[in-house]
Protein chains: 2
Amino acid sequence: MEETVEGLDRFPHPHLAVDIALLTLHAGALHALLLRRTEAPFAGALSLPGSFVRVREAVDAAAARVLAEKCGLRDVFLEQLFTFGDVKRDPRGRVVSVAHYALVPAARLQAVMTAYDLQLLRIVVPWPLHQGGAVQVVGEDQKAVRLAFDHADILGTTVQRLRGKIDYAPVGFELLPPQFTLLDLLEVHQAVLGRELNKDSFRRRLLSSGLLSATGRQRSGVAYRPAALFRFRATGRGKGKKA
Amino acid sequence: MEETVEGLDRFPHPHLAVDIALLTLHAGALHALLLRRTEAPFAGALSLPGSFVRVREAVDAAAARVLAEKCGLRDVFLEQLFTFGDVKRDPRGRVVSVAHYALVPAARLQAVMTAYDLQLLRIVVPWPLHQGGAVQVVGEDQKAVRLAFDHADILGTTVQRLRGKIDYAPVGFELLPPQFTLLDLLEVHQAVLGRELNKDSFRRRLLSSGLLSATGRQRSGVAYRPAALFRFRATGRGKGKKA
DNA sequence: GCAGCATATATGCTACATGCATGGAAGAGA
DNA sequence: TCTCTTCCATGCATGTAGCATATATGCTGC
């Protein structure tokens, strides 16, 4: 098989990249994983990890490679999000980006944060969050931080996708450690949806959903009645994770 | 602004295309718009309309251009679907395709079917329709027709997207003429979802959704009690259509 | 014109999910 | 042992979907 399309290579065509919007839950709020750019354009600004797609590399493989190379992360939840194809989204020239989103429990990031020089910034969702709109990220001083390229749009689209998906797909578990309480899971849903949920309805719905399996263990170290620990139940066709 | 990314142009990079999965409702069943290829690869086979993305053209603009140039259709519902990025999806070389899907009432296709040499084939959805799986299209002899490239996968993903979206987004109207009865709309939903729906619940849900506005007119020419004709109510922020 | 017919439309009933309130259960600490 | 706080179970009101039934309506054949 040839590597190129005959007769078309002499014409300029768009470059193709992948960008990864990696979200995690930290202190009860959604945070995005960002890294600081060292080269122009947007030198010094924060951006999503990304890379150009190689000519012999599948797009989803490129996304997994970015997570491995730039963040030291493998075997995390990773799905394609949306392709951003505006002509002027990259000042260097024509670059189309196939954005992906990844979900990781905060505990897994501890080890790689400093080794890979990563930043974790809180996501502030404007209200209302319009279709395809951007979100803000804020640093520890709670000041808004400007992101490179259209990466604020990518994060906004990610939050929107999560909100639409968390009610019918088991994605909340991806933000939690293997064992968790129902309140942990509730807080994940609340952080994603940006609103409070009824505890009792949530409990009944999740317990009757068949997605949870009791571990028989309990949360230890709490001053009051300990909550039961659950585990996500793999439903036959894998755990919804991609390599 | 430059057209290219400095330092990278000497390296081969993937080509970028758009493909359009245009669906319509014909004889109570979903049909896909296809055209017959005249050149290799897959010469003689049916394929989705598509094109390479030009370097000064936004991806969504390329999708609209394909519909205009190859099908004579403008101002139809058109949204990005998914980007297909396998290395071997095109035998000519590395071509990544940003698939889109379009929805058009069958009446609008009458005029362009022959002028643009288009084919309308019925979509047969396997059961169950697994994540990202392909569907079959059948000709008038009810025999399965093999599509070029991974276009059967694209159609499968389209049906799946529609099924997830039709319950909370007003996409069913895109497959109907401006005025329609509740039974028309019900049949659209049934064709998309692949199962029967309760008439009364559907009626109540739609009437109380605020999406419909009565025209005061009735379906004429039926032998029995005529049904009221409704129109889709534009809800302020446009009609959900893209150019 | 009138009875018959097939569908449209309205209404009532049941089952179930959700929001909310109440009360017992469980473990830690005084 | 008592108290505190949260977990967890249960009961009730409400809203919606599925289902059945009754009425409305316009056409057809006589």
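Everything quoted here is computed from the prediction, not taken from an experiment. (Residues numbered from 1 in each chain as written. Chains lettered and ligands numbered in written order. Predicted model: local features only at pLDDT ≥ 70, side-chain atom pairs only at ≥ 80, totals over all residues. Heavy atoms only, no water.)

J.: Looking at this structure, how should I read the overall build of chain A?
T.: A count of helices and strands for chain A gives five helices and twelve strands. Expected size for 243 residues packed as a compact globule is a radius of gyration near 18 Å; at 20 Å, chain A falls within 12% of this value. Across the 243 residues of chain A, 49% fall into the buried class. Look at the contacts in chain A between residues 6 or more apart in sequence, and 61% of them connect residues 24 or more apart. Counting every atom, chain A has about 12400 Å² of accessible surface; 50% of that belongs to carbon and sulfur. Taking the average location of the 33 positive side-chain charges in chain A and that of its 24 negative ones, the two points are 7 Å from each other. (Helix = DSSP H or I, 4+ residues; strand = E, 2+ residues; numbered from the N terminus. Rg over C-alpha atoms; globule rule 2.2 N^0.38 Å. Buried < 20%, exposed > 50% of the residue type's maximum accessible area, 1.4 Å probe, protein only. Contact = heavy atoms within 4.5 Å. Areas by Shrake-Rupley, 256 points an atom, 1.4 Å probe, with all protein chains shown as cover. Lys, Arg positive; Asp, Glu negative; His and termini not counted. Charge placed at Lys NZ, Arg CZ, Asp CG, Glu CD.)

J.: Sorry, what's going on with the layout of surface pockets here?
T.: All names here are of chain A. Approximately 570 Å³ is the volume attributed to the second largest pocket. Lining the second largest pocket are 25 residues, and of these Arg37, Gly50, Lys70, Arg92 and Phe149 sit closest to its centre. Of all elements in the fold, only strand S1 (15-26), strand S2 (29-36), strand S4 (50-52) and strand S6 (95-103) reach the threshold of two or more residues within the lining of the second largest pocket. Counted by class, the lining of the second largest pocket contains ten nonpolar, six polar and nine charged residues. (1 Å grid on protein atoms, 1.4 Å probe; cavity = no way out; pocket = protein on both sides within 12 Å on 5 of 7 lines; lining within 4 Å. Points joined across faces, edges and corners; volume = space filled by probe spheres on them. Nonpolar A, V, L, I, M, F, W, Y, C, P; charged D, E, K, R; others polar.)

J.: Help me understand the pairing of S1 of chain A in this model?
T.: The side chains of a regular strand alternate, residue by residue, between the two faces of the sheet. Residue and element names in this part refer to chain A. Of all twelve residues that make up S1, eleven are buried, and the element is covered over most of its length. Sheet topology note: the S1/S6 ladder contains nine bridges and is parallel. Counterpart to Val18 in the pairing with S6 is Val98. Pairing of S1 with S4, which is carried by three bridges, proceeds in the antiparallel orientation. Within S4, the position partnered with Val18 by the bridge is Ser51. Bridge analysis of S1 against S2 gives four bridges, and the strand direction is antiparallel. When the sheet's bridge partners are listed, Leu23 is paired in S2 with Ala32. Between S1 and S2, which pair antiparallel one after the other, the connecting turn spans two residues, and Ala27 there sits at a positive phi close to 55°. (Pairing = 2+ DSSP bridges.)

J.: What is the right way to read helix H4 (residues 182-193) of chain B from this model?
T.: What sets the pattern is the α-helix's 3.6 residues per turn: residues three or four places apart point alike. Residues and elements named next belong to chain B. End to end, H4 covers 16 Å across twelve residues, agreeing with the expected 16 Å (1.5 Å per residue, within 8%). Counting buried residues along H4, nine of its twelve residues qualify, which places the element largely inside the surrounding structure. Along H4, the residues classified as buried are Leu182, Asp184, Leu185, Leu186, Val188, His189, Ala191, Val192 and Leu193. Looking one or two places after H4, you find Gly194, whose phi comes out positive at around 75°. (Expected span 1.5 Å × (residues − 1).)

J.: What is the right way to read the side chain of His151 of chain A from this model?
T.: Residue and element names in this part refer to chain A. Along the chain, His151 falls in helix H3 (residues 151-165). Judged by relative accessible area, which is 2%, His151 ranks as buried. In terms of polar contacts, His151 uses its side chain to reach the backbone amide nitrogen of Leu48, at 3.0 Å. With residues up to four places along the chain from it excluded, the contact list for His151 reads Asp19, Ser47, Leu48 and Arg89. (Polar contact = N/O pair within 3.5 Å; in protein donor to acceptor, adjacent residues only side chain to side chain.)

J.: Got a minute to help me understand the side chain of Arg37 of chain B in this structure?
T.: Residue and element names in this part refer to chain B. The topology assignment puts Arg37 in the loop between strand S2 (29-36) and strand S3 (46-47). Within the buried set, Arg37 has no salt-bridge partner at all; the shortest N-O distance to an opposite charge, 5.9 Å, is to Glu39. At a separation of 2.7 Å, a polar atom in the side chain of Arg37 contacts the main-chain carbonyl oxygen of Pro41. Dropping the residues within four chain positions of it, Arg37 is found in contact with Phe42, Ala43, Gly44, Ala45, Ser47, Ala148 and Phe149. (Salt bridge = Lys/Arg side-chain N within 4 Å of Asp/Glu carboxyl O.)

J.: Mind showing me how you'd approach the protein's contact with DNA strand D here?
T.: Taken together, 21 residues are adjacent to DNA strand D, and Arg203 and Arg225 of chain A together with Ser201, Ala223 and Arg225 of chain B come closest. Atoms of DNA strand D within 4 Å of the protein belong to the sugar or the phosphate in 68% of instances, the rest to bases. Within the side chain of Asp200 of chain A, a nitrogen or oxygen atom sits 3.5 Å from a base nitrogen of DNA strand D. Separating a sugar or linking oxygen of DNA strand D from a backbone N or O atom of Ala223 of chain B is a distance of 2.9 Å. Tallied by class, residues from the surface near DNA strand D come to nine nonpolar, three polar and nine charged. (Near = heavy atom within 4 Å.)

J.: Just checking my understanding: could you explain the sheet that holds strand S10 (residues 179-180) of chain A for this structure?
T.: Within a sheet, each strand pairs with its neighbour through backbone hydrogen bonds, oriented either parallel or antiparallel. All names here are of chain A. The three strands are arranged S10-S12-S11 in an open sheet whose pairing can be described as antiparallel. The outermost strands of the open sheet, each flanked by one partner alone, are S10 and strand S11 (212-218). Relative to strand S12 (residues 228-232), S11 is paired through four bridges, and the arrangement is antiparallel. When the bridges of S12 are listed, Ala214 appears paired with Phe230.

J.: Can you walk me through the domain arrangement of chain A in this structure?
T.: Often, the extent of an interface is quoted as the loss of accessible area upon association of its parts. All names here are of chain A. Each domain of chain A was delimited in the assignment, giving domain 1 (15-165) and domain 2 (177-232). Just the C-alpha atoms count here: the centres of domain 1 and domain 2 sit 28 Å apart. Taken together, the contact pairs seven residues of domain 1 with six residues of domain 2. Interface area, domain 1 with domain 2, both sides summed: about 550 Å², of which 72% is carbon and sulfur. It is Leu25, Leu30 and Arg163 that lose the most area in domain 1 upon contact with domain 2, and together they represent 66% of the buried surface on that side. Across the contact surface, domain 1 and domain 2 share zero salt bridges. Counting every contact that joins domain 1 to domain 2 gives one residue pair in polar contact (both at pLDDT 80 or more). Elements that contribute at least two residues to the side of domain 1 that touches domain 2 include exactly S2 and H3. Counted by class, the side of domain 1 that touches domain 2 contains five nonpolar, one polar and one charged residues. (Domains from an automatic or database assignment. Buried area = accessible area lost by both parts, 1.4 Å probe.)

J.: In this structure, what is going on with the packing of helix H4 (residues 182-193) of chain A against helix H5 (residues 199-207) of chain A? I would like to understand it.
T.: How two helices sit against one another is set out by the angle between their axes and by the gap between those axes. All names here are of chain A. H5 packs onto H4 with a crossing angle of 105° between their chain directions and a minimal axis gap of 11 Å. Judged by the inter-axis angle, H4 sits roughly perpendicular to H5. The segment H4 lies against H5, with Leu182, Leu183, Leu185, Leu186 and His189 engaging Lys199, Phe202, Arg203, Leu206 and Leu207. Taken together, the residues of the contact of H4 with H5 sort by class into seven nonpolar, one polar and two charged. (Axes fitted to C-alpha atoms, helices over the stretch in contact; angles between N-to-C directions. Parallel < 35°, antiparallel > 145°, perpendicular 65-115°, else oblique.)

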